[in-house]
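Chain residues, written in single-letter form:
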Amino acid sequence: MASGMRAQWKGFLKFGEVSCGIALYTAASTSERITFNTINKATGNRVNRIFIDSETGDPVPKESQTKGFEIDNGQYIIIDPEEVAATIPESNKTLNIEAFIPCSDVDDVYFDKPYYLTPDKMGDDAFIALRDGMAQSEVAAIARTVLFRRMRTVLIRPHGKGLIATTLNNDYEVRSSKKAFEEMPKIKIEGEMLDLAKHIISTKKGEFDPATFDDRYEAALAELVKAKIEGKALPKAKKVEVSKPNDLLAALRESAGMMKAAADKPKRTAANANTGTGRQRAARGTASKTSSARSAPHRKAS
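Criteria and cut-off values
- Residues numbered from 1 in each chain as written.
- Predicted model: local features only at pLDDT ≥ 70, side-chain atom pairs only at ≥ 80, totals over all residues.
- Heavy atoms only, no water.
- Pairing = 2+ DSSP bridges.
- Helix = DSSP H or I, 4+ residues; strand = E, 2+ residues; numbered from the N terminus.
- Axes fitted to C-alpha atoms, helices over the stretch in contact; angles between N-to-C directions.
- Buried < 20%, exposed > 50% of the residue type's maximum accessible area, 1.4 Å probe, protein only.
- Phe/Tyr/Trp six-rings, centres within 6.5 Å; stacked < 30°, edge-to-face > 60°.
- 1 Å grid on protein atoms, 1.4 Å probe; cavity = no way out; pocket = protein on both sides within 12 Å on 5 of 7 lines; lining within 4 Å.
- Points joined across faces, edges and corners; volume = space filled by probe spheres on them.
- Nonpolar A, V, L, I, M, F, W, Y, C, P; charged D, E, K, R; others polar.
- Core = buried A, V, L, I, M, F, W, Y, C linked by side-chain atoms within 4.5 Å.
- Contact = heavy atoms within 4.5 Å.
- Patch = residues over 30% accessible without salt bridge, like charges linked within 9 Å, V, L, I, M, F, W, Y side chains within 5 Å.
- Areas by Shrake-Rupley, 256 points an atom, 1.4 Å probe, with all protein chains shown as cover.
- Salt bridge = Lys/Arg side-chain N within 4 Å of Asp/Glu carboxyl O.

The mixed closed barrel is built from seven strands, whose spatial order is 1-2-6-9-8-7-5. Across the sheet, the mean angle separating the axes of adjacent strands is 40° when strand polarity is ignored. Across three bridges, the pairing between strand 1 (residues 9-15) and strand 5 (residues 94-102) is parallel. Its bridge partner lying in strand 5, Lys-14 is registered against Asn-96.

And the structure:
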């Protein structure tokens, strides 16, 4: 059970005839982001949101608000929250594992929201047996349950000392990539242009480390707020120049040259530090003689 965190959901995890108590904790949060209030420019006061009747113009209090489905222009079927709740399948708060699949089988375009999944008070042995069995078998689990008033499909994977449960988008919610890419031109890149692109990629290889990520938008907002408070000049947006086809090869050559110079610079610096040029050696010799001539008086002075 996680300390200092509030569980978003508690229930049971069942696989086969084995079950254990579990808790879900939000794994990603936006609470640290900078937020703004809506302000009345004329008064400087905060603006409150009020729901207004679209016909009468009168304010509608919360207790008079309900849900409705539009069946025609301006015609609605009134649906109360109690009626919505009644349509949700009954749940015994059980996350029932339906199948174990290879971890790579699910395209991450289906990923929705991650939750840390931990044992809750009881059933630690069953939880650990499942975690270790999945890790050694290199599989993920597909499970279903009602989460937050919706029937959800969840992908469960070993994660550190526990499990991570990621809610999945439904198939009808994921748009096909065909329409997004249907206007992609059929161009084949080869020769020097492809070699330069591969060279630049090879010089920028690294490892995934989320600790090095920075939210530049949040940082920019913080700088903007600070500048406004201190009455400083506001930052100006930099114009991005898109590479034109005629200039692309030149840009690739320049990028490759810059990468090579950056890679070679430490080596040249080290070599110069070790061997030095004739002028540097002469300068060090002169400095050494001067230092020797003055060393005695300095020692006396100290």
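On to the pairing of strand 3 (residues 67-72). Within strand 3, only zero of the six residues are buried, which leaves the element largely exposed. Count of turn residues in the strand 3/strand 4 (residues 75-79) antiparallel hairpin: two residues, of which Gly-74 carries a positive phi of about 80°.

Considering all chains together, one arrives at one aromatic pair under this definition. With 6.0 Å between their ring centres and 40° between their planes, Tyr-115 and Phe-148 make a pair best called tilted. With Tyr-115 in strand 6 (residues 111-119) and Phe-148 in the loop between strand 7 (139-147) and strand 8 (150-159), this residue pair connects regions lying 33 residues apart in the sequence. For Phe-148, a relative accessible area of 42% translates into the label partly exposed.

In this structure, the largest pocket spans a volume of roughly 250 Å³. Contributing to the lining of the largest pocket are Asp-53, Ser-54, Glu-55, Gly-68, Gly-74, Tyr-76 and Ile-78. In the lining of the largest pocket, the residues fall into two nonpolar, three polar and two charged.

This part covers the nonpolar core. Proteins that are soluble and globular tend to have nonpolar side chains buried together. Grouped together as the largest cluster of nonpolar side chains are 22 residues, with contacts concentrated most on Leu-13, Ile-22, Leu-95, Leu-117 and Ile-156. If you list the elements that add at least two residues to this core, you get strand 1, strand 2 (18-26), strand 5, strand 6, helix 2 (124-137), strand 7, strand 8 and strand 9 (162-168). The residues touching Ile-22, leaving out its near neighbours within four places in the chain, are Trp-9, Lys-10, Gly-11, Phe-12, Leu-13, Leu-95, Leu-117, Thr-118, Pro-119, Asp-120 and Phe-127. One finds Val-106, Ala-140, Leu-155 and Leu-168 within the second-largest nonpolar core, a separate group that totals six residues.

A surface patch of nonpolar side chains, amounting to about 390 Å² of accessible area, comprises Ile-34, Phe-36, Val-225 and Ile-229. On the secondary structure map, Ile-229 appears in helix 5 (residues 216-230). By relative accessible area, which is 68% here, Ile-229 ends up exposed.

Non-glycine residue Glu-138 carries a positive phi angle of around 55°. Here Glu-138 lies in the loop between helix 2 and strand 7. Taking the relative accessible area as the measure of exposure, Glu-138 reaches 64% and is therefore exposed.

Another aspect to go through is the side chain of Thr-167. Its place among the elements puts Thr-167 in strand 9. Beyond its immediate stretch of four places on either side in the chain, Thr-167 contacts Tyr-110, Phe-111, Asp-112, Lys-113, Tyr-115, Leu-147, Arg-152, Thr-153 and Val-154.

What follows concerns the pattern of salt bridges. Should their charged atoms come close, side chains of opposite charge can pair. Here the structure, examined in full by the defined rule, presents five salt bridges. A salt bridge links Asp-112 to Arg-152; the shortest N-O distance between them is 2.9 Å. Of this pair, Asp-112 sits in strand 6 while Arg-152 sits in strand 8, and the two are 40 residues apart along the sequence. In this structure Arg-152 comes out as buried when scored by relative accessible area, which is 10%. The partner of Glu-173 in a salt bridge is Arg-150, and the shortest N-O contact between them spans 3.6 Å. Of this pair, Glu-173 sits in the loop between strand 9 and helix 3 (177-181) while Arg-150 sits in strand 8, and the two are 23 residues apart along the sequence. Residue Glu-173 is classed as partly exposed on the basis of its relative accessible area, which comes to 35%.

Don't take any of this as a statement about function, it's just geometry.
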